[in-house]
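Understanding the architecture of this molecule
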Amino acid sequence: MDVKQAKITAVGHYLPEFRMTNFELEKLMDTNDEWIRTRTGISERRILKDPDKATAFMGAEAAKEALENAGVDASEIDLVILATVTPDFLFPATACLVQNMIGATNAFAFDLSAACSGFLYAVSTGSMYIESGRAKKVLVIGSDKMSSILDYTDRTTSILFGDGAGAVLLEESNDGTGLIDQIHHTEGDTNCSLYQHAGGSRNPATKETVENRQHYITQDGRAVFKKATMGMADVSLEIMKKNNLEPEDVAWLVPHQANLRIIDATANRMGLSSEKVMININKYGNTTAGTIPLCLYDWKDKLNYGDNLILAAFGGGFTWGAIYLKWGIK
Ligand code: UT7
């Protein structure tokens, strides 16, 4: 089989207008701006207030912007992959709703669930369709309305997350830029360190599950922090070594935005100075599948054709991974 190379040819995003600052959270729970900023790096996050809008809406807006930036009509899309842990419904897939909202009438569509690593897993999956020649244009979307599963009485989790979406268009590359390597890992989390316990087939919704607040995200922060710091740094180094990349060869680290301390630890282990690290956690918090494409969107005007980027993430599952790509937009 003639193996092709996939590259990102456009980026889009969506962020809700409402900014929830740390000071707003101080009014809701026993927390404070100083604690949140120093422990996480977050100052504010966006929240989708409109009750009629959710993950599909944000994903569709991000996808439409990516298509517009690429000058591609939605009817040309072959495949839509949407990474999320906050689907509009358990089924049908949110990707199907997006496919309809954007008018991608010739595309098939499915969701991918890998929590904070969802966007990386989805880019890897999408790239395989391009590389095999089975698809020419693939939309990969990371979208999460985290506020829909946050317990605002739990200060240990609700301060961390925000809502948002990012999207990229993958197309065939013919100039040597694009996705070069990808490494992914999984370790089933038997200790339930990062879970939403109810709402699935194991614990369907009942009066009790609602009363026990089991439809919200719960996290053993310290345990996840340790795993995430090790996992994201290890896999980033692994992909650098595998591709003989020295720190000076890497133009940008594009890390999942869960905690500034995790990002700093990863950059240190890679030998990268802070100027080479994309950080927007201060503005958006952790948007789960949205963080990495939102970084790409925010930095798109600073990226140079041919830049070496390492994308890295760690999340629930546990799932983690890294992608090495050469930026291919001129
Ligand atoms: O993206 C998916 C993967 N998720 C992650 O990677 C998140 C990983 N975990 C983390 O980022 C951090 O563990 C947290 C930010 C969640 C917590 O930071 P920490 O430095 O690990 O704090 P801690 O859990 O060890 O708590 C330290 C203290 C505790 O008080 P005591 O027991 O020392 O008296 C907490 O009760 O801070 C307290 N605390 C808070 N205080 C003010 C916990 N949350 C808050 C809060 N405001 N929001």
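Residues numbered from 1 in each chain as written. Predicted model: local features only at pLDDT ≥ 70, side-chain atom pairs only at ≥ 80, totals over all residues. Heavy atoms only, no water.

Before going further, it helps to spend a moment on the domain arrangement of the protein chain. Interfaces are often sized by the amount of accessible area the parts lose when they come together. According to the domain assignment, the protein chain contains domain 1 (5-176) and domain 2 (180-284 + 291-326). Each of domain 1 and domain 2 was reduced to a C-alpha centroid, and the two centroids are 14 Å apart. In this assembly, 50 residues from domain 1 lie in contact with 41 residues from domain 2. Regarding the contact of domain 1 and domain 2, the summed buried area is about 3300 Å², with carbon and sulfur atoms giving 61% of it. Considering only the side of domain 1, the residues that lose the most area to domain 2 are Leu 120, Tyr 121 and Ile 149, jointly responsible for 18% of the buried surface there. Of the charged contacts, one joins Asp 151 and Arg 213 as a salt bridge, the two residues approaching to 3.0 Å between their closest N and O atoms. Our enumeration of links across domain 1 and domain 2 arrives at 17 residue pairs in polar contact (both at pLDDT 80 or more). Every element with two or more residues in the side of domain 1 that touches domain 2 is listed here: β1 (5-14), α2 (33-40), β3 (44-47), α3 (55-70), α5 (118-131) and β7 (163-173). Ranked by the residues each element gives to the side of domain 1 that touches domain 2, the list is headed by α5, at eight residues. Taken together, the residues that form the side of domain 1 that touches domain 2 break down as 23 nonpolar, 18 polar and nine charged. (Domains from an automatic or database assignment. Contact = heavy atoms within 4.5 Å. Buried area = accessible area lost by both parts, 1.4 Å probe. Salt bridge = Lys/Arg side-chain N within 4 Å of Asp/Glu carboxyl O. Polar contact = N/O pair within 3.5 Å; in protein donor to acceptor, adjacent residues only side chain to side chain. Helix = DSSP H or I, 4+ residues; strand = E, 2+ residues; numbered from the N terminus. Nonpolar A, V, L, I, M, F, W, Y, C, P; charged D, E, K, R; others polar.)

What follows concerns α3. Between its first and last C-alpha, α3 extends 23 Å over 16 residues, near the 22 Å set by a 1.5 Å rise per residue. Those residues of α3 hidden inside the fold are in contact with β1, β4 (79-83), α4 (94-102), β6 (137-145) and β7. Trailing α3 by a residue or two, Gly 71 shows a phi angle of about 70°, which is positive. (Expected span 1.5 Å × (residues − 1).)

Lining the immediate surroundings of the ligand are 23 residues, of which Thr 31, Arg 39, Arg 222, Asn 259 and Asn 286 lie closest. Within the side chain of Thr 31, one N or O atom sits 2.7 Å away from a nitrogen atom of the ligand. Considering the ligand on its own, with 960 Å² of exposed area, one finds that the protein chains cover 77% of that surface. Comparing atom positions with the cavity grids shows the ligand to sit within the second largest pocket. The element best represented in the shell around the ligand is helix α7 (residues 221-242), accounting for five residues. Domain assignment of the residues forming the shell around the ligand places at least three in each of domain 1 (5-176) and domain 2 (180-284 + 291-326). (Near = heavy atom within 4 Å. Areas by Shrake-Rupley, 256 points an atom, 1.4 Å probe, with all protein chains shown as cover. 1 Å grid on protein atoms, 1.4 Å probe; cavity = no way out; pocket = protein on both sides within 12 Å on 5 of 7 lines; lining within 4 Å. Sits in = over half its atoms within 2 Å of the grid points.)

Read across the sheet, five strands follow the order β1-β7-β6-β4-β5 without closing on themselves; strand pairing throughout is mixed. Each edge of the open sheet is held by one strand with a lone partner, namely β1 and β5 (108-112). Neighbour-to-neighbour, the strand axes of the sheet open up by a mean angle of 20°, direction not taken into account. Note that β1 and β7 share nine bridges and pair antiparallel. Bridged to Gly 12 within β7 is Ala 167. Seen against the sheet, helix α10 (residues 291-299) touches β1 and β7 and runs at an angle of roughly 85° to β1. (Pairing = 2+ DSSP bridges. Axes fitted to C-alpha atoms, helices over the stretch in contact; angles between N-to-C directions.)

Judged by nonpolar contacts, the single largest core of 39 residues is most densely connected at Ile 217, Met 240, Leu 253 and Ile 310. At the level of elements, α7, α8 (260-270), β12 (308-315) and β13 (319-326) are the ones that each hand at least two residues to this core. Per element, the largest residue contribution to this core is seven residues, and it comes from α7. Per-domain counts for this core show at least three residues from each of domain 1 (5-176) and domain 2 (180-284 + 291-326). When sequence neighbours within four positions are dropped, the list of residues in contact with Leu 253 reads Thr 266, Ala 267, Met 270, Leu 272, Lys 276, Val 277, Met 278, Ile 310 and Ala 312. Ranked by size, the runner-up nonpolar core spans 36 residues in total, among them Leu 79, Phe 119, Leu 296 and Leu 311. (Core = buried A, V, L, I, M, F, W, Y, C linked by side-chain atoms within 4.5 Å. Buried < 20%, exposed > 50% of the residue type's maximum accessible area, 1.4 Å probe, protein only.)

At their nearest, the axes of α7 and α8 sit 9 Å apart, and the two run at 30° to each other. Between α7 and α8, the angle falls in the class roughly parallel. The handedness of the crossing between α7 and α8 comes out as right-handed. Only Arg 261, Ile 262, Ala 265, Thr 266, Arg 269 and Met 270 of α8 make contact with α7, whose side of the interface consists of Phe 225, Ala 228, Thr 229, Met 232, Ala 233, Asp 234, Ser 236, Leu 237 and Met 240. When the residues that make up the contact of α7 with α8 are grouped by side-chain class, the tally is nine nonpolar, three polar and three charged. (Parallel < 35°, antiparallel > 145°, perpendicular 65-115°, else oblique. Left-handed = near helix turned anticlockwise from the far one by under 90°.)

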